[in-house]
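# Summary of structural features
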Amino acid sequence: MATAAESLRSFDTVPRERPRLVRLARLARQHPTGVFGLVVIAGFVVLGIFGPAIAPYDPRELRTGGVLEGPSRAHPFGTNALGQDVLSRVIAGARISLIISFSAVFIGGSIGSFLGIVSGYYGRWVDYLIQRSGEAWAAFPSIVFYFMLITAFGQGVKTIIIAIAIGALFGGSRVLRGATMVEARSTYVEAARALGASEARIFFRHVLPNVLPLTVVLMSTSLGGAILAESALAFLGIGVEPGTPSWGIDMSGENLTVARLGYWHVVVFPGLAISLVVLGANLLGDALRDIWDPRLRR
Amino acid sequence: MRQYALRRLAYLPLIAALVSVITFFTLRMPWAGDPVTYMSTQNTTVEDQERLRKELGLDKPVAVQFGLWLGDVLRGDFGETFRGRQPVLDEVMRRFPATLEIMVLSLGFTVLFGVTFGVVSAVRQDSFADYGLRVFAVFGQSVPDFFLLILLIVLPSIWWNYSHPIGGHVSIFEDPIRNLRLYVPPTLLLAVGGSALMMRVTRSAMLEVLRQDYMRTARAKGLGAYAVIVRHGLRNALIPIITLAGNHLVALFFGAVILEQVFSINGLGQFFLTSAAQRDFPVMQFLVLYSALVVMGLNLVVDLSYALIDPRIKYS
């Protein structure tokens, strides 16, 4: 017959929580594409911060070599019509893309999460108001909306960030609203209420900690779209100021004209840079979402 | 259902009016940019500017301007463009076919490929095809559409010495072959991002449906693969697909602007961009009003189609 001591000892055979690093390594093995995404985004951030220091030439410097030279050892990505080094411009272009996409996603993601949580937990007219505005916004062609913002705030980095943030805001509020509603109606919340917990305690101790990590997932999944939106606006010439080293700008105007004549390297490398970073952001976002909640997968 | 549709239709003019008011007054904010300055050259005198302002009716108070504009619109007159002084409606109609064709073709390709890929990838889950299509979906959502369109210009000319036509809209009724050669390749590429997203949505909706008991019943009855997958399966997965198709059409407004820009096609997207850059108010007002009406009508159609697809959905 098992004594109390023996049954206590048998608890030892239950594996203890592994060290954090081991758990991380295992997570990484399960999500190799997520690790790839993380590496790409880390590289993107590093280039965005230190880009100008790393770049072999000043991205604005004219005549670093010949004009429209193909890729060579001195200019791995070639030079453009002004003789600027394409590699340096690609490296420097990370900065504006980083600033805009990260701030837009951070601002939109946090406001959107806040609104979504309030709307999911409180419901009633707040919910109605937020959801209807989200639908109205989604029904409006984004380019028309963007021009309204330009006329209201003027063209510039600030306006681009606001425009992209609003997109992330409504998308995020919907996701967090759903998640909050699920948590608020779960059995453990009912149990807490039955035990006499106050509304504030239920909200801050039970609901909030369970939905808040979703904010991070949300921000990472909307990062790719934000980078794409920024580059598309720059490409159309209605984004960041002309002259700024920007991937979208470098694929338009004069560069696009010479690309039509066969100087492919001028536009292809900035395009590859955008694609790679967006791919990284999407893979990272997918992996984080799977880790957080496999049910959200689609 | 009919009542619901009528009630929704009754809202249209109300929202259209609201959109018009907002557009009208935002455009005329003191800091929004003055059309007269955009139309001036170095030789324009202050008197010229004043005369121009008077001609365009911009000297009146904004509320009066709005009243005049509204009166004209209700009589079916959308005014003249600031630049060139042509009737707005004529200028729009001239550019309309190109943009319509871009949107119709691109939406068609998106739905065709997105749904087909999604169904195949769900039915053959974890197969080689599924794997390949999912990789396509990940990449398709990552490459900017304007980059794909630029590659269409750059790569064929290097590889096969073929250059894709730039600009010059040809009516599909006049010269179908030239028209399709101009529009099919770019709209196909414009559909890549959308079909990647649509494939993911279709796939997950289909996977959900395929697990249902009635699917097993349908197979057990001895129905053929087509009847099982399309009539029993896809039909029940249609709601998220239709929703996405509606959203995608709205997103294609932006796509059309990009495509027209890359290929120098003089469509409504280009018209909007240039008019916005020059603050050509009548054109912007018309296009904003028009797109709002199109989008609202579209949403109504999407909502009503839910009831057709799923009889359990009733509107009252």
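Summary of the structure given here. Please read these numbers as outputs of a predicted model, since none were measured by experiment.

So, on to the packing of helix α7 (residues 145-159) of chain B against helix α11 (residues 238-262) of chain B. All names here are of chain B. Viewed as axis vectors pointing N to C, α7 and α11 meet at an angle of 25 degrees, and their least axial separation amounts to 10 Å. Considering their axes alone, α7 and α11 lie roughly parallel with respect to each other. Handedness of the crossing formed by α7 with α11: right-handed. The segment α7 lies against α11, with D145, F146, L149, I150 and I153 engaging I258, L259 and V262. Tallied by class, the residues present in the contact of α7 with α11 amount to seven nonpolar, no polar and one charged.

Attention now goes to the interface of chain B and chain A. Facing the 43 residues of chain B at the interface are 37 residues of chain A. Between chain B and chain A lies a buried interface of about 3500 Å² when both sides are counted; carbon and sulfur atoms form 77% of it. It is F146, F147 and F254 of chain B that lose the most area in chain B upon contact with chain A, and together they represent 17% of the buried surface on that side. Summed over the shared surface of chain B and chain A, the result is one salt bridge.

This next bit is on the nonpolar core. Of all hydrophobic cores here, the largest spans 107 residues; its most connected members are I143, F235 and L236 of chain A together with I150 and I258 of chain B. Aside from chain neighbours lying at most four places away, what touches L236 of chain A is I143 of chain A together with F254, V257, I258, Q261 and L273 of chain B. If you look at the next biggest cluster of nonpolar residues, it comprises 17 residues, including M198, V201, A218 and A245 of chain B.

Further remarks concern empty space enclosed by the protein. Residues and elements named next belong to chain A. Per the counting criterion, the structure on display carries one cavity of 30 Å³ or more. Taken together, N80, V86, R89, D250, N255, V266 and P270 make up the lining of the largest cavity. Counting only elements with at least two residues in the lining of the largest cavity, the list comes to α4 (86-122) and α12 (265-292). The class makeup of the residues in the lining of the largest cavity is three nonpolar, two polar and two charged.

Attention shifts here to the packing of aromatic side chains. Residue and element names in this part refer to chain B. Taken as a whole and assessed by the stated rule, the structure comprises 17 aromatic pairs over all chains. Ring centres of F25 and F66 lie 5.7 Å apart, and the angle between their planes is 45 degrees; on these two criteria the pair is classed as tilted. With F25 in helix α1 (residues 2-27) and F66 in helix α4 (residues 62-74), this residue pair connects regions lying 41 residues apart in the sequence. Judged by centre distance (6.1 Å) and plane angle (5 degrees), the ring pair of F286 and Y290 falls under stacked. Residue F286 and its partner Y290 are both found in helix α13 (residues 281-309); the two are separated by four residues, about one turn of the helix. For F286, a relative accessible area of 9% corresponds to the buried category. Accessibility expressed as a relative area gives 29% for Y290, which makes it partly exposed. In textbook terms, an aromatic cluster arises when at least three aromatic residues are bridged by ring pairs, as seen for F24, F25, F66 and W69. Seen from the ring of F271, R95 lies directly overhead, with NZ or CZ sitting 3.9 Å from the centre.

Looking now at helix α12 (residues 268-277) of chain B. Taking burial as the measure, the 10 residues of α12 of chain B include eight buried ones, the bulk of the element. Buried positions along α12 of chain B lie against α6 (142-153) and α9 (199-236) of chain A together with α5 (88-123), α11 and α13 of chain B. After α12 of chain B finishes, the residue R279 of chain B shows a positive phi value of roughly 55 degrees.

Bringing helix α5 (residues 124-138) of chain A into the picture now. Between its first and last C-alpha, α5 of chain A extends 21 Å over 15 residues, near the 21 Å set by a 1.5 Å rise per residue. Elements that come into contact with the buried residues of α5 of chain A comprise α4 and α7 (157-184) of chain A.

Apart from glycine, the bulk of residues carry a negative phi angle, and the bulk of peptide bonds sit in the trans form. Residues and elements named next belong to chain B. Here the phi dihedral of D126 falls at roughly 65 degrees; this positive angle occurs in a residue that is not glycine. Within the fold, D126 resides in the loop between α5 and α6 (128-140). Among the residues examined, D126 registers a relative accessible area of 61% and is labelled exposed. One non-glycine residue, S264, lies in the positive phi region at around 50 degrees. Among the structural elements, S264 can be located in the loop between α11 and α12.

What counts as what
Residues numbered from 1 in each chain as written. Chains lettered and ligands numbered in written order. Predicted model: local features only at pLDDT ≥ 70, side-chain atom pairs only at ≥ 80, totals over all residues. Heavy atoms only, no water. Axes fitted to C-alpha atoms, helices over the stretch in contact; angles between N-to-C directions. Helix = DSSP H or I, 4+ residues; strand = E, 2+ residues; numbered from the N terminus. Parallel < 35°, antiparallel > 145°, perpendicular 65-115°, else oblique. Left-handed = near helix turned anticlockwise from the far one by under 90°. Contact = heavy atoms within 4.5 Å. Nonpolar A, V, L, I, M, F, W, Y, C, P; charged D, E, K, R; others polar. Buried area = accessible area lost by both parts, 1.4 Å probe. Salt bridge = Lys/Arg side-chain N within 4 Å of Asp/Glu carboxyl O. Core = buried A, V, L, I, M, F, W, Y, C linked by side-chain atoms within 4.5 Å. Buried < 20%, exposed > 50% of the residue type's maximum accessible area, 1.4 Å probe, protein only. 1 Å grid on protein atoms, 1.4 Å probe; cavity = no way out; pocket = protein on both sides within 12 Å on 5 of 7 lines; lining within 4 Å. Points joined across faces, edges and corners; volume = space filled by probe spheres on them. Phe/Tyr/Trp six-rings, centres within 6.5 Å; stacked < 30°, edge-to-face > 60°. Lys NZ or Arg CZ within 6 Å of the ring centre and 35° of its normal. Expected span 1.5 Å × (residues − 1).

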